[in-house]
Amino acid sequence: MRQFSRRDVLRASTAIAASGAFASVTSAAPPASAVTPELIAAAKKEGKVVYYTSIDLPVAERIAKAFEATYPGIAVRVERTGAERVFQRIGQEYASRIHSVDVVNSSDAAHFVVWKREGMLERYVPEDVAKYYPAEHKDPDGTFASFRVWLCVIGYNTTMVKAEEAPTSYADLLDPKWTGKIVKAHPSYSGTIMTATFQMARDLGWDYFEKLAKQKVMQVQSSADPPKKLALGERAVMADGNEYNMFIEKERGTPVEIVYASEGSPLIVGPNALFKNAPNPNAGRLFQSFCFSPQAQQLSIDAGGLRSLHPQTKEKPGRKPFADIKKMKDDPAEVERTSADVKAHYSRLFGV
Amino acid sequence: MSIALPALGAPRTQRIDLSSPILILFAAFLCVLILLPMSWLIYFSLVDRNGAFTLDNFKTLVTDSAFLDPLTTTLILATSSSIICCAFAAPMGWLVARTDMPLRRTVRALVTASFVTPPFLGAIAWELLAAPNSGLLNKIYRATTGAPPDEHLFNIYSLAGVIFVISAYTFPYVFVLIANALDRIPGDLEDASSILGGGTWTTARRITIPLALPALLAGALVAFLQAMTLFGSPAILAIPAGFHTMTTKIWSLFNYPPKPELAAAASVPLLVLTVALLRAENLILGRRGYSVVGGKQGNPRLVRLGALKWAALAFVFLVLMCPVFLPYGALLNATFSRVATSFVTFDNFTLHNIHFVFFELSATQLAVKNTFLLGVASATIGTIMALVIAYLTTRRAIRGYRALGFLATAPVAIPGIVLGVGLFLSYARPPFVLYGTLWILLLAFVTIALPAAYQQLQSAFRSVHTDLEDASRILGSTRLRTLRDITAPLLRTSVIATWCFIFVGVIRELSAAIMLFTSETKVISVLIFDLNESGDLGAISVLGLIMLVITFAVVIAVNRIPGFGEARLRNA
């Protein structure tokens, strides 16, 4: 069948591996691209850019509105869903030869491994990325770079749980006193949770999830949702969820608190990339450049609660400095290899 | 299949025979709508990834508990919902049609309002009301009884919760069927019973109830099928509780990595069950048709309830709390509250949600436009198709009209999500790539709407006797002129009702749309479902209310179109 099947992916990847012999000779990032008046004019002619993303919707729309304010006349359409859905959606649309995405952001860095391997990404390096971004956070071939970084954390509602009784580790969540009181998100929907589940299964063992599944957790989809369920007071504790949503809630005065697990918190990296077949290539380039500008990066910190790799940005006071937190190690290549198994294993344990 | 062609009497003179082209055109179109998707569905269920024949998909279906559990759950859910719907809709239908209970018209209007409410929106509203900890009702319960913080009265995230919410939005179907049936039972029969000495209750037991029984049975079946094939409510309420129904399971098979073969196979039991149940209904009702329409009818006699009528009214309003008053109250509250599940007070009143949906959410405009376009287009095309087919079949205007009638009714046996899977498998790949356009959604919506639209208009045509048309023809009018001057005005009300029925159906459709949308062809229902997955309840409330305003505005506007003037809003 001509759908986005594993067979197609395999065939495509062999073809690309074969051509890789030649490609490797020239495999260096293209020169950095500055934002020129010509680019802006061409982008304005296109008038719009389509951004598929898995960032929590209000944050994504904030960034979109900031772009629209900087470049009036270019509308950003945010297409927001879970990273795993974004991946599935693009795969399905491309299999039907529908090219509607310009720029993508995903919380599952493994997706970029696949898109790059299939030759779907445009080689485009914004000036800020070339100048300021650390090597391990940009593709050597110039197809993507880390737009955002954050952690998958534990959290609790402070009116429902006293600070001294709050969990401090993943092991604590298995205590019977939390039965029926935990909310958690789903790896088949959320890239954050997919990545976190991989890291935790690797470091803590599947044994942990097996026990957690017996805690009668409330199963939501997006990693942005557990913080919101804590805010409503629907559950007392979240087993996983976005650190950035917790910052947003906390700074809004919601009674929630973050717990960085003593075992380490899963590190989540969310790259941005431009598609080769983007319907609005110039607006796409402009938007990609804007996303890595100090202005957008600082906004993602201040309004979005995210961490930035741009050295010209400042961390927001009151938040625990990124460097002081114990993190688990990310491994996109391995996530890419094992994601189907991780999801299947998870569904078997949790029933959905 | 073979079709018996009845003799049509003396052939009319000097007429160009348009029957074969019309028949072929419509039959071909209906095949595209129904046969092609279903063929692909069956084909995919019988092949493996490489396209080789296999029964493994079905073997997985009957051996893997990941499929057996949802199937059992679905059957429990459909049976319970069906029983609950009948238990509440039957007495309510009787009260409204047959007693002197006050406010009967208002009650009918409110049931229509609950029909217009999409079930998935109702499910989200019930999350706001009855989530175990944050639900408004549970908060009231704890505040009034002083119960401890983690105790709750309701838990909507449970099998019972799903059954409750599905019943609340399925009972209008049963109610309308029963109320209409009771409306049609002639008073003469009841009078005869009274004259022969039967008291009120004897008459009810011996005459009214038996005559209404076929409608009750039909209602039970409709409720069962609705509950079995609904996608939105279980997706919103069952998955958080950690279980699947068949529809959510089928949908989850399209998560990456997608397994369309298994999804196709898992769709087959739903299809088979639906066909079997409809056959069974035909067998039972086929023999029990009471010819109650015909001859002069006496008005139905109203049972005097006396003082009991206030108790009856209280019961009816208590039932209507569930689909109408409480959910709308919760949505309105969430619209203006900073925290969706806190009661609006002076302190936490906010217009932020409204501002967000109208000025920040970039998907709003496109979704509203798509939904509106699809609603109007599907309703118009669906009504025209149903009108033509109903005319051709009731007037036996062309040969092979029975095949047309059959094809127009067939989609009733195809659950929305199954149709979605079928259309996706048919039109997402060359040679016919409709996926990514509004056309594929239009196909889905017209297909889903056609059976009910056809049946409504067919009965409308039957009620217009051919005498009037014949008189017009005898006086020299052409067939088309007769249609325009005689038949059309007589059918006006039914046509408008059918149009509105399809329009409302499109607005509340989620199960086929969720399989077929792309980012460019998103509709409001899908957008709301998306927002629910990321927990943006404030935005959902605003969008949900916009959706209802659009629906009511369009329905009212269509009923006021000049020339259609005095047509009345009817129960859909």
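As the structure is a computational prediction, the values presented were derived from the model and not from experiment.

Participant: What should I look at first to understand the overall build of chain A in this one?
Facilitator: Summing up its helical and strand segments, chain A has 13 helices and ten strands in all. Against the compact-globule benchmark of 20 Å for 352 residues, chain A has a radius of gyration of 20 Å, which places it among compact chains. With the C-alpha coordinates aligned to their principal axes, the bounding extent of chain A is approximately 60 × 45 × 30 Å. The contacts in chain A between residues at least 6 apart in sequence include a share of 81% that link residues at least 24 apart.

Participant: What is the right way to read the overall build of chain B from this model?
Facilitator: When its secondary structure is counted, chain B shows 23 helices and zero strands. In terms of overall dimensions, chain B is globule-like: its C-alpha atoms have a radius of gyration of 25 Å, near the 25 Å expected for 572 residues. Taken over 572 residues, chain B has a buried fraction of 47%. Across chain B, every contact between residues at least 6 apart in sequence was considered, and the portion connecting residues at least 24 apart equals 78%.

Participant: Please explain the sheet that holds strand β1 (residues 48-53) of chain A as it appears in this structure.
Facilitator: Paired through their backbone hydrogen bonds, the strands of a sheet run either parallel or antiparallel. Residues and elements named next belong to chain A. Spatial ordering of the open sheet is given by β2-β1-β3-β10-β4, a layout of five strands whose pairing is mixed. Every other strand in the sheet has two partners, leaving β2 (75-80) and β4 (144-151) as the edge strands with one partner each. Between one strand axis and the next, the sheet turns through 20 degrees on average, direction left out of account. Inspection of the sheet shows β1 paired to strand β3 (residues 103-105) by three bridges, in the parallel sense. Within β3, the residue paired with T53 across the bridge is N105.

Participant: Looking at this structure, I do not really get the environment of Y401 of chain B. What am I missing?
Facilitator: Residues and elements named next belong to chain B. Topologically, Y401 is positioned in helix α16 (residues 401-409). Accessibility expressed as a C-beta count within 10 Å gives 22 for Y401, which makes it buried. Not counting chain neighbours up to four residues away, the residues in contact with Y401 comprise L392, T393 and R396.

Participant: In this structure, what is going on with the environment of T203 of chain B? I would like to understand it.
Facilitator: All names here are of chain B. Secondary-structure assignment places T203 in helix α9 (residues 200-229). In this structure, the C-alpha to C-alpha distance between T203 and D191, residues twelve residues apart in sequence, is 8.8 Å. Excluding residues within four positions of it along the chain, T203 makes contact with E190, S193, S194, G198 and T208.

Participant: Whenever I open this one, the interface of chain B and chain A confuses me. Can you help?
Facilitator: Often, the extent of an interface is quoted as the loss of accessible area on bringing the components together. Chain B puts 37 residues into the contact, and the matching count from chain A is 48 residues. Within the side of chain B that touches chain A, the residues separate by chemical class into 17 nonpolar, 13 polar and seven charged.

Participant: Teacher, can you tell me more about the environment of R301 of chain B here?
Facilitator: All names here are of chain B. Tracing the backbone through its elements, the reader meets R301 in the loop between α12 (260-286) and α13 (308-336). By the C-beta count within 10 Å, which is 19 here, R301 ends up partly exposed. Taking the C-alpha atoms as reference points, R301 and G187, separated by 114 residues in sequence, lie 5.6 Å from one another.

Participant: Can you walk me through the sheet that holds strand β7 (residues 218-219) of chain A in this structure?
Facilitator: All names here are of chain A. Taken together, five strands build an open sheet; the order of strands is β7-β6-β8-β5-β9 and the sheet is mixed. Where the open sheet ends on each side, the last strands, each with one partner, are β7 and β9 (256-259). Judged from the two bridges that link them, strand β6 (residues 182-184) and β7 form a sheet pairing that is parallel. Residue pairing for β7: V183 is matched across the bridge by M218. Against the sheet, helix α9 (residues 225-232) contacts β5 (154-157), β6, β8 (237-238) and β9, and its axis sits at roughly 15 degrees relative to β5.

Participant: Sorry, what's going on with helix α5 (residues 119-130) of chain B here?
Facilitator: Note: α-helices contain 3.6 residues per turn, so residues at a spacing of three or four share the same orientation. Residue and element names in this part refer to chain B. When the terminal C-alpha atoms of α5 are compared, their 16 Å separation across twelve residues agrees well with the 16 Å that a helix rising 1.5 Å per residue should span. Within α5, twelve of the twelve residues are buried, leaving the element largely enclosed by the surrounding structure. Within α5 the residues assigned to the buried category are P119, F120, L121, G122, A123, I124, A125, W126, E127, L128, L129 and A130. Close packing links the buried residues of α5 with α6 (136-145), α7 (159-184), α10 (232-237), α13, α22 (524-533) and α23 (537-559).

Participant: Before we go on, may I ask you to explain the pairing of β5 of chain A in this structure?
Facilitator: Consecutive side chains of a regular strand alternate in pointing toward one face of the sheet and then the other. Residues and elements named next belong to chain A. Where burial is concerned, the two faces of β5 agree: the one with I154 and Y156 and the one with G155 and N157 are both buried. Both β5 and β8 contribute to a ladder of two bridges, which runs antiparallel. By the bridge assignment for β8, G155 is matched with M238.

Participant: It is not clear to me how the domain arrangement of chain A should be interpreted in this structure. Could you clarify?
Facilitator: All names here are of chain A. If you check the domain split of chain A, you get domain 1 (6-12 + 29-150 + 268-320) and domain 2 (153-265 + 334-350). Using C-alpha coordinates to define each centre, domain 1 is positioned 27 Å away from domain 2. The interface of domain 1 with domain 2 comprises 18 residues on the first partner and 20 residues on the second. Secondary structure elements with two or more residues in the side of domain 1 that touches domain 2: α4 (83-95) and α5 (110-117). Among the residues forming the side of domain 1 that touches domain 2, the class breakdown is seven nonpolar, six polar and five charged.

Participant: Honestly, the packing of helix α15 (residues 364-394) of chain B against α16 of chain B in this entry has me stumped. Any pointers?
Facilitator: Between two packed helices, both the angle of their axes relative to each other and the distance between the axes serve to describe the pair. Residues and elements named next belong to chain B. Contact geometry of α15 with α16 gives a least axis separation of 9 Å together with a crossing angle of 140 degrees. Taken together, the axes of α15 and α16 lie oblique to each other. Considering only the axes of α15 and α16, their crossing is left-handed. In this structure, α15 contributes I389, L392 and T393 to the contact, and α16 contributes Y401, L404, G405 and A408. Considering only residue class, the contact of α15 with α16 consists of five nonpolar, two polar and no charged.

Participant: What is the right way to read the confidence of the model for chain A from this model?
Facilitator: Predicted coordinates in regions of low pLDDT should not be interpreted in detail. Of the residues in chain A, 92% have a pLDDT of 70 or more, and the chain-wide mean is 92. Scored below 50 in pLDDT, residues 9-26 of chain A shows six contacts in the model against residues more than four places distant or in partner chains.

Participant: Where do I start with the nonpolar core in this structure?
Facilitator: For soluble globular proteins, nonpolar side chains are generally found buried alongside one another. Grouped together as the largest cluster of nonpolar side chains are 271 residues, with contacts concentrated most on F287 of chain A together with A89, V174, I178, V421, A444 and L516 of chain B. The dominant element in this core, judged by the number of residues it contributes, is α7 of chain B, at 17 residues. Among the domains, domain 1 (6-12 + 29-150 + 268-320) and domain 2 (153-265 + 334-350) of chain A are the pair contributing at least three residues each to this core. In contact with I178 of chain B, other than residues within four places in its own chain, are A89, A90, G93, A212, A215, L216 and G219 of chain B.

Participant: Would you explain unusual backbone geometry in this entry?
Facilitator: Residues apart from glycine generally show negative phi values, whereas peptide bonds are mostly found in trans. Here Y256 of chain B and P257 of chain B are connected by a cis peptide whose omega angle stands at -5 degrees. Turning to its location among the elements, P257 of chain B is positioned in the loop between α11 (246-252) and α12. Notably, R97 of chain A is not glycine yet its phi reads approximately 55 degrees, a positive angle. Inspection of the secondary structure assignment puts R97 of chain A in the loop between α4 and β3. Residue classification places R97 of chain A among the exposed residues on the basis of 12 C-beta atoms within 10 Å. With phi around 55 degrees, K216 of chain A is a residue other than glycine that occupies positive phi space.

Rules of the game
Residues numbered from 1 in each chain as written. Chains lettered and ligands numbered in written order. Predicted model: local features only at pLDDT ≥ 70, side-chain atom pairs only at ≥ 80, totals over all residues. Helix = DSSP H or I, 4+ residues; strand = E, 2+ residues; numbered from the N terminus. Rg over C-alpha atoms; globule rule 2.2 N^0.38 Å. Contact = placed C-beta atoms within 7 Å. Buried ≥ 20, exposed ≤ 12 C-beta atoms within 10 Å, placed from the backbone. Pairing = 2+ DSSP bridges. Axes fitted to C-alpha atoms, helices over the stretch in contact; angles between N-to-C directions. Nonpolar A, V, L, I, M, F, W, Y, C, P; charged D, E, K, R; others polar. Expected span 1.5 Å × (residues − 1). Domains from an automatic or database assignment. Parallel < 35°, antiparallel > 145°, perpendicular 65-115°, else oblique. Left-handed = near helix turned anticlockwise from the far one by under 90°. pLDDT = per-residue confidence, 0-100. Core = buried A, V, L, I, M, F, W, Y, C linked by C-beta atoms within 7 Å.

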